[in-house]
Number of protein chains: 2
Amino acid sequence: MAKNIQSLERAAAMLRLLAGGERRLGLSDIASSLGLAKATAHGILRTLQHEGFVEQDPGSGRYQLGAELLRLGTTYLDVHELRARALVWTDDLARSGGEAVYLGVVHQQGVLIVHHVFRPDDSRQVLEVGAMQPMHSTALGKVLTAFDPVAHAELVEAEREAFTARTLTDLPEIERVLERTRAQGYATDLDETWEGVASVAAPIFDRHRLPVGAVGITGAVERVCRDGDLRPELVAAVRDTARSVSRDLGAKPF
Amino acid sequence: MAKNIQSLERAAAMLRLLAGGERRLGLSDIASSLGLAKATAHGILRTLQHEGFVEQDPGSGRYQLGAELLRLGTTYLDVHELRARALVWTDDLARSGGEAVYLGVVHQQGVLIVHHVFRPDDSRQVLEVGAMQPMHSTALGKVLTAFDPVAHAELVEAEREAFTARTLTDLPEIERVLERTRAQGYATDLDETWEGVASVAAPIFDRHRLPVGAVGITGAVERVCRDGDLRPELVAAVRDTARSVSRDLGAKPF
DNA sequence: CGCCGCGTTCGACAATGCTAAACACTATCG
DNA sequence: CGATAGTGTTTAGCATTGTCGAACGCGGCG
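As the structure is a prediction and not an experimental result, all values here were calculated from the model.

About the thresholds
Residues numbered from 1 in each chain as written. Chains lettered and ligands numbered in written order. Predicted model: local features only at pLDDT ≥ 70, side-chain atom pairs only at ≥ 80, totals over all residues. Heavy atoms only, no water. Helix = DSSP H or I, 4+ residues; strand = E, 2+ residues; numbered from the N terminus. Buried < 20%, exposed > 50% of the residue type's maximum accessible area, 1.4 Å probe, protein only. Contact = heavy atoms within 4.5 Å. Areas by Shrake-Rupley, 256 points an atom, 1.4 Å probe, with all protein chains shown as cover. Lys, Arg positive; Asp, Glu negative; His and termini not counted. Charge placed at Lys NZ, Arg CZ, Asp CG, Glu CD. Pairing = 2+ DSSP bridges. Axes fitted to C-alpha atoms, helices over the stretch in contact; angles between N-to-C directions. Buried area = accessible area lost by both parts, 1.4 Å probe. Salt bridge = Lys/Arg side-chain N within 4 Å of Asp/Glu carboxyl O. Polar contact = N/O pair within 3.5 Å; in protein donor to acceptor, adjacent residues only side chain to side chain. Nonpolar A, V, L, I, M, F, W, Y, C, P; charged D, E, K, R; others polar.

Quick word on the overall build of chain A
If you tally the helices and strands in chain A, you get ten helices and ten strands. When its C-alpha atoms are laid out on the principal axes, chain A stretches across 60 × 40 × 40 Å. By the burial criterion, 53% of the 254 residues in chain A qualify as buried. Within chain A, counting contacts between residues at least 6 apart in sequence, those at least 24 apart form 54% of the total. Of the roughly 11900 Å² of accessible surface on chain A, 51% is carried by carbon and sulfur atoms. Computed over 29 positive and 35 negative side-chain charges, the separation of the two mean positions in chain A equals 4 Å.

Some details on the sheet that holds strand E4 (residues 110-117) of chain A
Residues and elements named next belong to chain A. Sheet architecture is open: six strands sit in the order E5-E4-E3-E8-E7-E6, paired in antiparallel fashion. In the strand order of this sheet, the two ends are held by strand E5 (132-134) and strand E6 (187-190), each with one partner. The sheet shows a mean angle of 30° between the axes of neighbouring strands, taken without regard to direction. In terms of strand pairing, E4 meets E5 through three bridges, oriented antiparallel.

Some thoughts on the interface of chain B and chain A
A common way to state how big an interface is: give the accessible area lost once the parts meet. With 51 residues of chain B in contact, the opposing surface of chain A contributes 51 residues. Interface area for chain B against chain A, summed over the two sides, is near 4500 Å², with a carbon-plus-sulfur share of 63%. When the area that chain B buries against chain A is broken down by residue, the three leading residues are Leu8(B), Leu70(B) and Tyr76(B), summing to 15%. Where chain B touches chain A, the interface holds eight salt bridges. Inspection of the region where chain B meets chain A yields 16 residue pairs in polar contact (both at pLDDT 80 or more). Of all the secondary structure elements, the ones that give two or more residues to the side of chain B that touches chain A are helix H1 (6-20), helix H3 (38-50), strand E2 (63-65), helix H4 (67-79), helix H5 (81-97) and strand E4 (110-117) of chain B. For the side of chain B that touches chain A, the element with the most residues is H4(B), which contributes twelve residues. Here the residues of the side of chain B that touches chain A sort into 24 nonpolar, 13 polar and 14 charged.

This is how it looks when you write it as structure tokens:
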């Protein structure tokens, strides 16, 4: 195992700590949380502040995340090839399905949402790009764990929280669901993450037939389900979209 | 001047370099661009990759920005107090004005967009949160330079690109406009950044009466202007919104 | 095949960033 | 009202840490 740069690891830990805690954090809190001397933490924070990754409240002296992170994070989206290819197809999927569409990739024991098309009505909705979804309970997460070995390995290690009464937390049970997901080529989520919300998702592959992400539709159970299961035409639409994006990425059909 | 941590500065420079170049960059490019030994650059990149700030294309070995930046950047928005307070008011402004609304803060020689409400019609629009706008040609930028001394200092230093024939680049001329902006309490942009696009913006102050950001409306000249100038009712609506947000932040109306 | 380019690893040196202690400052409290 | 217990910040010195230059393995190209 090659050694990584210590100060960078510590800086990253600080950013993650600041991202976790809702409110701003003081220097002493940060230093003790990471087991560092105050001066050490201060030096790192000073540099991060100078680079714009961290901001300091002039009044209280507390620290919070900086604007440069937003700028760089947005740039990440611009470069993201999967997202660029998917843009064209997700709009159509949202329109034909009449529900919100999500595009996600595996990131650290969860699904990172890299694109989100609002449900096509005039209701107020909040953009969830950049947010994380759990691996074991959402359709996006299940489809990714089923096809991506890295994601699967992380699911086994991670603790699986029960969000609702229907959330699967038992490992053998989950494995059976993943097996079926691989067989049928898509995954669903019925009340397993949020009460009254269901979703379908299908995997997207690149030119080497490796899973690089997943598209899915999410909506209220009353609208997206019929007879206690997801409407077949929605499942078909999602799978079609996933195939189209995969083809755009260079994956051979068949 | 206190000294900053070298490895962190270099890591930040790499992230900014990767954000700048459209395509993925190779290790040698990065090392030579920053004047570093290949091994040094590699060590930093390896750590950044391990922390999720950078990703490496398995095929070509090239580097690009990582997903963790998107996650952290979004978290920045969640914590942002100005944005949280403004959310309520900007929707109303977009509806009453019938145009797109932007909320921006000063960041490194430019305006960083932290909130964006789409123009309320069914046209396809792309979210510009996380994008940068120039300081000297947009209404948001001018209003911020007029009231924020830090932004003003950076404007003087920076080079002022002429985007259209009407862009102001001459410093004394800009100073006169800023003087008028301070006097009247708002700024405009008529064809100075994009042809056929105009905007109005007003400053937002915190409890210490310091400028912390600006709200503005942007739209096609034909819609937002009349008789060659911005419609007075739009100007009034923008200023009202700015005042409301300022009051929410604790600024005394006195 | 031999060449260059790539990303990666190795090992040694010293510059670098870490630690601990003291510093100013504010708010709190007896 | 002075003492106290918190802040965040700065300083000085030591040795850990990151840096450097060179060599390595690999793949594509001529």
